[in-house]
Every structure is written in C-alpha cells, then in structure tokens.
Amino acid sequence: MIYGAINEKGERYYTRMSKVFEAIHQKQCAYNWLISDVDHVSSKIEALYDQKHYCWISGDELTKIVQEEDWQWDWAVLSGFDKSIPLSEVLKYPHPYADGYRGFWENPVSIQHPLACIEIVCWDSCLTLFISDQQALVENFKAYFPLSEDLVKYNQR
C-alpha cells in the first residue's frame, strides 16, 4: 500500500528539504535518489542535473548538499530507491515529473516510478507532496507539519 501527505498550509517555506528531512528523521540517508524535473533548486543539484537532465545521488550526498545549501526548492521530484537497485534499472523508466502528472490527485495514491519506494515533490515552492510505501514515514511527515493532510482524504474532496 502507498501512503501520502500534502503540506500546503502554515509554513513560510514549503519546499525546504532540510525541514522535510527533519520530519522523516533523516531517513533519506537510507536511499539513493533520482532527482528529476528540477527548476530553481540547490545550485549543486542543478549543476548535476544540467549534465544529464536527472541527478542520481546517495542519501548521504543529498543530505550534505542540503546542509550546505539550505533553501527552498521551487520544482523537483525526488524519487527514493532501495540502495540495491542500480541506476541502469532506474533509467529503464521515464523520469518522474511534477506539473501535469495527474496521479498525485487521484486515489489510490501512487509513486510515479515503479521501482521507487518514496517520492518527495516540490511543487512550485507552494506545497510539498510526500508519498511512501512506509506509513510510518508519512505519519512522521504529518506530525512534523501539523497542518499537512492525508493525500487520500485530500483527493476525495
């Protein structure tokens, strides 16, 4: 089962990755990340992205970059993968994207990339979507951001 949350209320900055990582108790370090569909994110991520139109990075490397450049990301999809999944397998599928992807707004909630187990979507710096196959991570996210909502309930409106 896939779980999700949307954070679009009560924050000054919705897409600061340092806060998202705090919310999930630094569990981003347990994954490798495909970062796609970026616009106005960390300059180090943009530099890596510009070379290939995606960025493949370990959770530890991502954490270090966020610690060095802690600011709001405008657009990005961060897809987290078990460390045993190689990039060659990940690249067999289309890169996830934010604007225009209808699956965020439909139930059942899903993660775009079929091999990913977590997805963080920075949406035009005005909201963050957090989707995971681990209910505890989504509950941690919702507890940290108390005005966030369960994405399934949000989509039912």
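Residues numbered from 1 in each chain as written. Predicted model: local features only at pLDDT ≥ 70, side-chain atom pairs only at ≥ 80, totals over all residues. Heavy atoms only, no water.

Student: Kindly report on helix α3 (residues 59–68), identifying the contributing residues and their values.
Tutor: Side chains of residues three or four places apart in an α-helix project in the same direction, reflecting 3.6 residues per turn. Among the residues of α3, Gly59, Leu62, Thr63, Ile65 and Val66 are the ones counted as buried. Angularly, the buried residues of α3 cover 165° about the axis, an arc narrow enough to put them on a single face. In α3, the exposed positions that point more than 90 degrees away from the buried face belong to Lys64 and Gln67. (Buried < 20%, exposed > 50% of the residue type's maximum accessible area, 1.4 Å probe, protein only. Helix = DSSP H or I, 4+ residues; strand = E, 2+ residues; numbered from the N terminus. Arc of directions from axis to C-beta.)

Student: So what about the pattern of salt bridges? Which residues, and what values?
Tutor: Applying the stated rule across the entire model yields nine salt bridges. For arginine 16, the salt bridge is made with aspartate 70, and the minimal N-O distance between the two is 2.5 Å. Here arginine 16, found in the loop between β1 (3–7) and α1 (17–23), pairs with aspartate 70, found in the loop between α3 and β4 (75–82); they are 54 residues apart in sequence, far enough to count as distant. Across the pair aspartate 150 and lysine 142 runs a salt bridge whose closest N-O atoms are separated by 3.7 Å. On the accessibility criterion, aspartate 150 (22% relative accessible area) is partly exposed. (Salt bridge = Lys/Arg side-chain N within 4 Å of Asp/Glu carboxyl O.)

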